[in-house]
Amino acid sequence: MQDEIQGEIQGEGQAGKGSGVIPGSGNGRVRQPAALIRLLTGLAVVALALLLADYARATTGGLASDVADAAALVPRPLARIAEGLTTGAVLLVPVALAARRLLGPDRRRALQQVSDGLLAAVLAYGATLLLDLGCERLAPDSLLAALTQPLPGEGNGHSAIVYGYLAPVLAFMTASGSRERRVPWAVLALSCAAGLAGRYTTPSALLLGLLTGWTVAHGTLYAVGTPDPRPRPGEVLRALRESGLRPVEAQPAGPDRYRVRQADDRPALDVQLLDRQAVTAAAVQRAWRRLRLHTAPHPRTLRSPRTGLEHEALVTYAALAAGVRTRRIAATAGIGPDTALIAYEALAGRTLDRLEDGELTDDLLADAWRQLALLQRREIAHRTLVPTAVLVDGEGAVHLVDFADGDIAAGELVLAFDIAQLLTVLSLRAGPARTVHAAIAVLGPEPVLAALPVLQPIAFPRPIRQALKGHPADEGGGLLEEIRAEVLRGRAQGVGRPVRVERLRPRTLLAVVGAVVAGWWLIPQLFAAEENPVAVLGDADPWWLALAVLAAAASHVAAGVGFAGFVPERLEFRNVVLAQLAGSFVKLVSPGGVGGIALNTRLLQKAGIPTAQALSSVGVSNLIGLVLHLLQLGAFVYLLDFQPGGSELKVLPTVVGGLAVAAALLTVVSAIPPARRWLAARLRPLTAEVLPRLLDLLRSPGRLAVGVTGQLLVSICLITCLYCCAQAVGRQPSYAAVAVVLLVGSAVGNTAPTPGGAGAVEFTLVTLLQSTASMEEGGATASVVLFRLLTLILPVLPGWAAMAWLQRRRAL
């Protein structure tokens with residue numbers, strides 16, 4: 001017993017070492033990711049509540065009116081008494097909660113949490129004052145009408161935008177970590193009811209007050225940190241002792257890990273803590289991977305640390321029952337409401353990343369595959385076979401550990417991922433030849449071949465992806481290509497197409513967000529302008545509208561002429577034009593000009609042109625197109641300056657300044673060796689492929705002239721289309737001004753990450769038409785809407801038909 005007491009004292013002294021917090025783990029502070037997530041969520045919900053209160057005025061106004069009618073039935077004296085009593089009760093809630101916390105067993109932590117609660121309450125009160133002041137001075141009358149109502153019997157005054165002390169009290173309750181919920185929430189509910197009954201507030205103001213308090217509380221917790229909720233080593237020893245073990249000393253072995261020595265020569269323990277902070281951080285990563293990947297593990301640990309512990313223990317027991325060598329579970333226990341631990345019998349050994357190259361024998365590789373084969377036979381998936389999950393003991397036996405992300409009754413695709421991961425992890429150390437030979441010798445060729453379609457970096461855990469990035473690539477395309485080649489060596493059997501495991505790409509999410517923002521900006525513009533653009537479009541001149549349609553259609557033919565002119569080989573002109581029309585469909589599912597480049601490259605490949613030459617022709621077309629675009633912009637800016645009244649948009653100084661900045665940046669990059677190498681790598685395709693192709697074209701000046709003419713005609717057709725759209729809605733801008741606007745807007749659209757440049761193009765065109773062409777907001781918006789309708793929306797269906805026709809003809 002004396003050894004146990006001494007060990008507990010030593011364990012207390014080790015607090016904080018290796019834990020990533022201030023020494024004294026129980027007394028330090030940590031910034032929890034959950035607080036940041038809740039802060040951002042609260043800010044988003046507050047903004048959404050304000051927007052809904054303003055835009056959904058009929059709903060919020062009707063609700064407030066119904067509540068006011070019901071409150072009118074309450075006698076005025078009774079409402080005043082209820083309001084006074086509930087206000088006093090609300091102010092007593094923080095006092096009662098603070099007293100209860102300070103009289104508890106852990107007074108030091110309670111004092112820290114009460115201090116955090118007081119700070120959050122003060123900040124929440126300041127936030128309510130700022131909201132009141134800001135809305136009074138800056139908010140539109142419609143928002144004020146939704147949040148407030150006239151006070152009864154007090155002249156022209158109105159109720160507060162944030163009611164009473166709801167925000168400070170809720171901020172104190174949240175930031176102080178109070179677990180008492182029923183009585184405080186009942187008091188808050190009575191205070192809200194009394195405020196509504198006395199007509200001192202509105203439902204929108206009550207909601208805003210509660211959201212403000214909750215958001216400020218979590219912002220405070222993230223800013224100053226919270227008392228470290230992780231247990232001290234002494235608490236870990238106490239929990240293990242209550243589980244029937246005999247721990248003596250706990251030494252930190254990493255974040256949330258301890259190596260525990262036991263009495264009576266019992267085996268040492270590896271203890272893993274699962275607290276809410278670590279669970280939240282892991283859950284966010286898993287939720288993101290679940291959003292992106294079809295086969296990612298479910299974020300089960302969003303529920304509680306105990307749920308994560310139970311799942312890890314279940315998969316570990318299943319692996320032991322399958323005969324897999326892994327760490328045995330000695331105990332599981334809970335420490336308080338937010339922390340759990342799982343204790344394994346310690347294994348003396350080293351992980352795969354700590355072995356020397358000479359220790360990676362063929363027997364060791366075969367043993368690793370035998371352990372995985374046992375898992376595969378019982379349909380148990382490990383899911384994270386990173387180097388630290390492969391442990392080798394002193395006798396050279398392989399143990400598979402860390403089953404936190406594992407699954408039982410896993411499907412064939414998930415099991416194939418385990419094979420692909422172990423192929424990659426072992427090949428990084430022992431090479432593809434030895435690894436594949438050992439895998440086929442143990443598993444057989446069929447399971448290894450079945451894993452090749454999922455041999456993709458996107459499906460690997462981060463440690464494996466980082467190791468692949470550091471592995472030197474060869475001419476075959478890197479380590480994964482070497483593994484594929486080794487598996488298929490000497491086998492006539494082919495491999496299936498790669499399985500699509502990615503559910504959502506980041507650029508797709510960015511495109512969706514950009515489209516939503518564009519719609520959010522454009523729709524109010526259609527109705528908020530002084531002259532309604534919808535009515536303007538209804539009165540459009542049919543002759544100018546017909547000319548705009550012809551110009552939009554001619555742009556596809558011109559694009560076909562411009563593209564065919566930069567390809568020395570003979571192409572079927574009909575297919576080229578249809579491919580440009582199909583680009584109208586492709587651009588809606590890809591940002592900028594990415595889809596068009598891929599489509600044109602595919603067209604050339606199907607026409608029998610080698611891939612390298614096809615990419616070179618597309619690169620030449622885009623390079624010359626960029627040069628011609630800049631030359632046209634400069635020419636129209638020059639013409640615009642000579643028109644009566646000149647140009648209100650000083651583009652020329654801006655262009656010159658931009659070129660000067662670009663030259664300065666190029667000089668700086670050239671002076672820094674890493675940046676110079678990065679730039680050289682990006683420019684290598686230009687010097688190695690595009691320029692030689694351009695020199696070949698110079699030998700055919702007639703074809704080059706056709707290409708240049710086509711590129712120029714594309715811009716002229718689009719400029720004419722926008723000019724005719726402006727004329728159709730009754731506006732008469734100069735052609736040069738429209739040309740400058742269109743050329744700048746198309747450049748912005750090509751750089752925007754949204755499909756077809758949605759959002760960025762509309763905003764740029766409307767803004768420049770007002771400043772450059774002196775058009776009012778309604779006419780500019782109507783012109784742009786009509787132009788985008790003709791060039792972006794209407795060509796989608798013909799573009800889809802053209803793409804389908806080309807695919808049936810095997811031209812795409």
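Being a predicted model, the structure only gives us computed values, none of them experimental.

Re the sheet that holds strand S11 (residues 398–400)
Thought 1: Taking strand neighbours across the sheet as the criterion, the three strands line up as S8-S10-S11 in an open arrangement whose pairing is antiparallel. In this open sheet, the two strands that pair with only one neighbour each are strand S8 (349–351) and S11. The mean inter-strand angle of the sheet, taken between neighbouring strand axes irrespective of direction, is 30°.
Thought 2: For strand S10 (residues 390–393) and S11, the ladder comprises three bridges, and the chain directions are antiparallel. Paired with leucine 391 across the bridge in S11 is histidine 399.

A word on the sheet that holds strand S6 (residues 329–335)
Sheets are built from strands paired through backbone hydrogen bonds, the pairs being either parallel or antiparallel.
Thought 1: Pairing within the open sheet is antiparallel, and its five strands lie in the order S3-S4-S5-S7-S6. Edge strands, defined here as strands with exactly one partner in the open sheet, are strand S3 (247–254) and S6. This sheet shows a mean twist of 25° between the axes of neighbouring strands, independent of strand direction.
Thought 2: Sheet analysis places S3 next to strand S4 (residues 257–262), joined by six bridges and oriented antiparallel. Along S4, the bridge assignment pairs glutamine 251 with arginine 259.
Thought 3: The sheet contacts of helix H10 (residues 233–242) involve S3, S4, strand S5 (269–275), S6 and strand S7 (339–345), and relative to S3 the element is tilted by about 125°.

So, the packing of aromatic side chains
Thought 1: By the definition in use, this model includes three aromatic pairs.
Thought 2: Look at tryptophan 544 and tyrosine 723: their rings are 6.1 Å apart centre to centre, the planes differ by 80°, and that puts the pair in the edge-to-face class. Taken together, the residues tryptophan 544 in helix H21 (residues 542–564) and tyrosine 723 in helix H27 (residues 701–728) connect sequence positions 179 residues apart.
Thought 3: The class of tyrosine 723 is buried, set by a relative accessible area of 19%.

Comments concerning the packing of helix H14 (residues 412–430) against helix H15 (residues 432–443)
Thought 1: Interaxial distance between H14 and H15 falls to 7 Å at its minimum, and their mutual angle equals 140°. Considering the angle they form, H14 stands oblique to H15. In this structure, the crossing between H14 and H15 has a hand that is right-handed. Side by side, H14 and H15 meet where Ile419, Leu423, Leu426, Ser427 and Ala430 of the first sit next to Pro432, Arg434, Thr435, Val436, Ala439 and Leu443 of the second.
Thought 2: For the contact of H14 with H15, the per-class residue count stands at eight nonpolar, two polar and one charged.

Some thoughts on helix H9 (residues 203–224)
Residues spaced three or four apart along an α-helix face the same direction, because each turn holds 3.6 residues.
Thought 1: Over its 22 residues, H9 extends 32 Å from the first C-alpha to the last, a length consistent with the 32 Å expected when each residue adds 1.5 Å.
Thought 2: Following H9 by one or two positions, glycine 225 adopts a phi angle in the positive range, close to 85°.

Comments concerning the nonpolar core
Thought 1: Residues Trp369, Leu375, Leu400, Leu423 and Ile483 are the most contacted members of the largest nonpolar core, which totals 51 residues.
Thought 2: Here leucine 375 is in contact with Ala319, Val324, Ile380, His382, Leu400 and Phe403, once residues within four sequence places are set aside.
Thought 3: One finds Cys721, Ala728, Ala736 and Val738 within the second-largest nonpolar core, a separate group that totals 36 residues.

Examining the pattern of salt bridges
Thought 1: The full count for this structure, using the stated rule, is 16 salt bridges.
Thought 2: For the salt bridge of aspartate 357 with arginine 429, the shortest nitrogen-to-oxygen distance reads 2.7 Å. Residue aspartate 357 is located in the loop between S8 and helix H13 (362–377), and its partner arginine 429 is located in helix H14; the two are separated by 72 residues in the primary sequence.
Thought 3: You can call arginine 429 partly exposed: its relative accessible area is 25%.
Thought 4: A salt bridge links glutamate 486 to arginine 489; the shortest N-O distance between them is 3.0 Å.

Topic: the packing of helix H29 (residues 760–772) against helix H30 (residues 777–793)
Thought 1: Between H29 and H30, whose axes approach to 9 Å, the crossing angle comes to 140°. What the angle tells us is that H29 and H30 run oblique. For the pair H29 and H30, the sense of crossing is right-handed. Note on element contacts: H30 touches H29 through Glu777, Ala780, Thr781, Ser783, Val784, Phe787 and Arg788, opposite Val761, Glu762, Leu765, Val766, Leu769 and Gln770.
Thought 2: For the contact of H29 with H30, the class distribution of residues is seven nonpolar, three polar and three charged.

The rules behind each value
Residues numbered from 1 in each chain as written. Predicted model: local features only at pLDDT ≥ 70, side-chain atom pairs only at ≥ 80, totals over all residues. Heavy atoms only, no water. Pairing = 2+ DSSP bridges. Helix = DSSP H or I, 4+ residues; strand = E, 2+ residues; numbered from the N terminus. Axes fitted to C-alpha atoms, helices over the stretch in contact; angles between N-to-C directions. Contact = heavy atoms within 4.5 Å. Phe/Tyr/Trp six-rings, centres within 6.5 Å; stacked < 30°, edge-to-face > 60°. Buried < 20%, exposed > 50% of the residue type's maximum accessible area, 1.4 Å probe, protein only. Parallel < 35°, antiparallel > 145°, perpendicular 65-115°, else oblique. Left-handed = near helix turned anticlockwise from the far one by under 90°. Nonpolar A, V, L, I, M, F, W, Y, C, P; charged D, E, K, R; others polar. Expected span 1.5 Å × (residues − 1). Core = buried A, V, L, I, M, F, W, Y, C linked by side-chain atoms within 4.5 Å. Salt bridge = Lys/Arg side-chain N within 4 Å of Asp/Glu carboxyl O.

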